[in-house]
Amino acid sequence: MKKIVFATSNPHKLKELNEIVQSFGVKNIEFILPPAGFDPVENGTTFEENSFIKAKEANRLTGMYSLADDSGLCVEALNGAPGIYSARYAETPQARIDKLLEAVKPYKNRKAKFVCAMSLINEEGREVFAYTGECRGEISKTQAGTGGFGYDPIFLVEGKNGLTMAELSDEEKNEVSHRGRALRKVLEFLKY
Ligand code: ITT
């Protein structure tokens, strides 16, 4: 059994990680949370850099294999915003949704994508695998659905007949999501 620290403070990410691991049929990996005091300074300029920073900090505190997820929503008409600042775009999840709907209002182009960069670091603190998963879609005019978290209620998933990410079942979201895509690559890497 390999123990890997999942370098996050976001319980939604952990829930999805466990669901994806289960559905992938991995039995020899156990993900654990970082110790108290885990508070990395996310001052990178890309998803990849911030993911590396978080995994590296978890490894520094534990000396263990560490995996991190840095993710966000990039809106084409807003030149990729809120992007790496998705978690800090406004004070609460609802305020972030309201602010984004308002910001996109003037534009006809509502194309957007969710991005998830994952970085896996070994015991010696070296990055051994990294992968960035994406999920394409559009920003809806109004919010719908109660599943998932964050911006899911305003993200119309490409190929899902006008349903938002929050209207998909957990399984459906994990199958097409940026996080599902990135994590399955990490799990494939870990199998060998
Ligand atoms: P950690 O850094 O502790 O992992 P965080 O939530 O601060 O948690 P990020 O800096 O990676 O993580 O920001 C991710 C934000 O992007 C998240 O808070 C949401 O607002 C948004 N986001 C990421 N994945 C999402 C998803 O699957 N559905 C909806 N919103 C998502």
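Placed above this text is the structure.
Here the structure is a predicted model, which is why all the values come from computation and not from measurement.

Scoring rules and cut-offs
Residues numbered from 1 in each chain as written. Predicted model: local features only at pLDDT ≥ 70, side-chain atom pairs only at ≥ 80, totals over all residues. Heavy atoms only, no water. Helix = DSSP H or I, 4+ residues; strand = E, 2+ residues; numbered from the N terminus. Rg over C-alpha atoms; globule rule 2.2 N^0.38 Å. Buried < 20%, exposed > 50% of the residue type's maximum accessible area, 1.4 Å probe, protein only. Areas by Shrake-Rupley, 256 points an atom, 1.4 Å probe, with all protein chains shown as cover. Lys, Arg positive; Asp, Glu negative; His and termini not counted. Charge placed at Lys NZ, Arg CZ, Asp CG, Glu CD. Pairing = 2+ DSSP bridges. Near = heavy atom within 4 Å. Polar contact = N/O pair within 3.5 Å; in protein donor to acceptor, adjacent residues only side chain to side chain. Phe/Tyr/Trp six-rings, centres within 6.5 Å; stacked < 30°, edge-to-face > 60°. Lys NZ or Arg CZ within 6 Å of the ring centre and 35° of its normal.

Undergrad: Just checking my understanding: could you explain the overall build of the protein chain for this structure?
TA: Counting secondary structure elements, the protein chain contains 5 helices and 6 strands. If you list the helices and strands of the protein chain from N to C, you get β-α-β-α-β-α-β-β-β-α-α. For the protein chain, whose C-alpha radius of gyration is 16 Å, the value lies close to the compact-globule estimate of 16 Å for 192 residues. Within the protein chain, buried positions represent 47% of all 192 residues. Carbon and sulfur atoms make up 50% of the accessible area of the protein chain, which totals about 9,900 Å². Positive and negative charge centroids in the protein chain, built from 26 and 27 side chains respectively, lie 2 Å apart.

Undergrad: Would you explain unusual backbone geometry in this entry?
TA: A negative phi holds for most residues other than glycine; trans holds for most peptide bonds. Note that the residue after A81, namely P82, is joined by a cis bond; omega there is -5°. Take P82: it is sitting in the loop between β3 (66-75) and α3 (93-104). The backbone of N79 sits at a positive phi, close to 55°, despite the residue not being glycine. By the secondary structure assignment, N79 is in the loop between β3 and α3.

Undergrad: Would you explain the pairing of strand β4 (residues 111-121) in this entry?
TA: On any regular strand, side chains alternate: one points to one face of the sheet, the next to the other face. Counting buried residues along β4, 9 of its 11 residues qualify, which places the element largely inside the surrounding structure. Across 10 bridges, the pairing between β3 and β4 is antiparallel. Paired with V75 across the strands is A112, a residue of β4. Here β4 hands over to strand β5 (residues 127-139) after 5 residues, with G125 in that stretch at a positive phi of 85°.

Undergrad: I'm lost on the environment of G25 in this one. Help?
TA: Looking at the secondary structure, you find G25 in the loop between α1 (11-24) and β2 (29-32). Residue G25 is classed as partly exposed on the basis of its relative accessible area of 43%. Taking the C-alpha atoms as reference points, G25 and L187, separated by 162 residues in sequence, lie 9.9 Å from one another.

Undergrad: Would you mind showing me how to read the pairing of β5 here?
TA: Relative to β5, β4 runs antiparallel, the two being bridged by 11 bridges. What sits directly across from S119, in β5, is A130. As defined by bridge partners, β5 adjoins strand β6 (residues 155-157) across 3 bridges and the pair is classed as antiparallel. When the bridges of β6 are listed, E138 appears paired with L156.

Undergrad: Any chance you could explain the site of the ligand here in plain terms?
TA: Within the structure, the ligand sits among 20 residues, and T8, S9, K13, K54 and D152 are positioned closest to it. Within the contact set of the ligand, an oxygen atom lies 2.8 Å away from a side-chain nitrogen or oxygen of K13. In the model, an oxygen atom of the ligand is placed 3.2 Å from a nitrogen or oxygen of the D70 side chain. Bound to the protein, the ligand loses 90% of the 620 Å² it would expose on its own.

Undergrad: Mind showing me how you'd approach the packing of aromatic side chains here?
TA: Here a ring pair, both rings aromatic, is described through the centre-centre distance and the interplanar angle of the planes. Evaluated as defined, the whole model comprises 3 aromatic pairs. Judged by centre distance (6.4 Å) and plane angle (75°), the rings of F6 and F31 are edge-to-face. Of this pair, F6 sits in strand β1 (residues 2-6) while F31 sits in strand β2, placing them 25 residues apart in sequence. Each member of the pair, F6 as well as F31, carries the same accessibility label: buried. Between the aromatic rings of F129 and F189, the centroid separation amounts to 4.8 Å while the plane-to-plane angle is 20°, which identifies the pairing as stacked. Linking F129 in strand β5 with F189 in helix α5 (residues 178-191), this pair joins segments that are 60 residues apart in sequence. What makes F189 partly exposed here is its relative accessible area of 29%. One residue, K2, lies across the ring of Y65, its end atom 4.4 Å from the ring centre.

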